[in-house]
Amino acid sequence: MMPIQFKVVMILYMNLKEYDKVDSLVSEMRQKKIPLDVDCYIVWLLCFVDQGSVEKVEQVFEQMEQDSTVNPDWSSFCLMGSFYIRVGLLEKAEECIKMFESRITDQDRIVYYHDAIRLCGNLGKREEVYRAWNVFKKICPKTLMMDYHTMISSLVRLGDIEGAEQLYAEWLSVKPTHNPKIEESRIHVHGKEILAEGHIREKKVSEALSCLKEAVLVRGSKNWKPRPVNVSSILSICEQNDDMQSKDILMGLLSQVGCLEDEAYKFNVPSTGGVATVCDEDEDITKRKFFSTNYRLKNARGT
């Protein structure tokens, strides 16, 4: 096989979670003296990231740094920073974020600040989150919905609900640049659900339900359904506090938007007979390089 063919097959096995086969491919490449490039190393790393093996991740990353034919780029340190946060090695995560920032190039700045905001938010670095956001707005005056989504989500994770609400108000004041009716409804719906998540974290059920009610009332939101993990969290808090009134309100909202007739949706919500699902945003960050989110961000701005 040619090098590009090895890479494609590695990604296939990674997605199938057949990690041993990725190891075998790496061994075969080395036996045939086919050099690993940055992408091959990152796919190899992601296999151990998925398995949560700190020792293996560090071994592969060390080999990558020692490989004279490879120059680890910013996405490599982003991956490592995300992984260290996930396993609770916060000092190592901070070091990776510093290296991450030092490796950024001009053409990658837009993607970098999205990831920097998320990583600093997950580390609990509120000041750094605002610093990255302010720099981002200076270099990218054409701020999109996804940019505000990133920042508001990070503030919610930090527990800065007041800051998130202020930014949400700013978000609403931004004039959309395409299809205003669709853009406006998406802004309202997603913004309200993000704010609801902040209230859920603080176990403020009535405030969370208020946000979800407002999302339901947005014109153009008829196809929207609240994230199952948020519904599960609210139901769990209601059960803990024996708050049947709030539970009834939530079930009414779910009925209103068609969730209770959607078997696939109900499957993901434990209290409706399903199984809880959790979205790991940190893991999404580590895999962005391979699924071209960076290109979508750039293309959305016409750059």
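Rules of the game
Residues numbered from 1 in each chain as written. Predicted model: local features only at pLDDT ≥ 70, side-chain atom pairs only at ≥ 80, totals over all residues. Heavy atoms only, no water. Phe/Tyr/Trp six-rings, centres within 6.5 Å; stacked < 30°, edge-to-face > 60°. Helix = DSSP H or I, 4+ residues; strand = E, 2+ residues; numbered from the N terminus. Buried < 20%, exposed > 50% of the residue type's maximum accessible area, 1.4 Å probe, protein only. Expected span 1.5 Å × (residues − 1). Arc of directions from axis to C-beta.

> Explain the packing of aromatic side chains here, please?
Tallying each qualifying case throughout the model produces eight aromatic pairs. Between Phe 61 and Phe 77, the ring centres sit 5.4 Å apart and the planes meet at 85°, which makes this aromatic pair edge-to-face. A residue pair is termed long-range when its members are at least 10 positions apart, and Phe 61 in helix α4 (residues 54-66) and Phe 77 in helix α5 (residues 74-87) qualify at 16 residues. Both residues of the pair, Phe 61 and Phe 77, count as buried. On the numbers, 6.0 Å between centres and 10° between planes, the contact of Tyr 148 with Trp 171 is stacked. With Tyr 148 in helix α9 (residues 145-158) and Trp 171 in helix α10 (residues 161-173), the pair connects residues that are 23 residues apart, well separated along the chain.

> Hey, could you run me through helix α1 (residues 3-15) in this one?
Over its 13 residues, α1 extends 19 Å from the first C-alpha to the last, a length consistent with the 18 Å expected when each residue adds 1.5 Å. Of all the residues in α1, the buried ones are Phe 6, Lys 7, Met 10 and Met 14. One side of α1 carries all its buried residues, which in axial view fall inside an arc of 100°. Residues of α1 that are exposed and angled more than 90 degrees away from the buried face: Ile 4 and Val 8.

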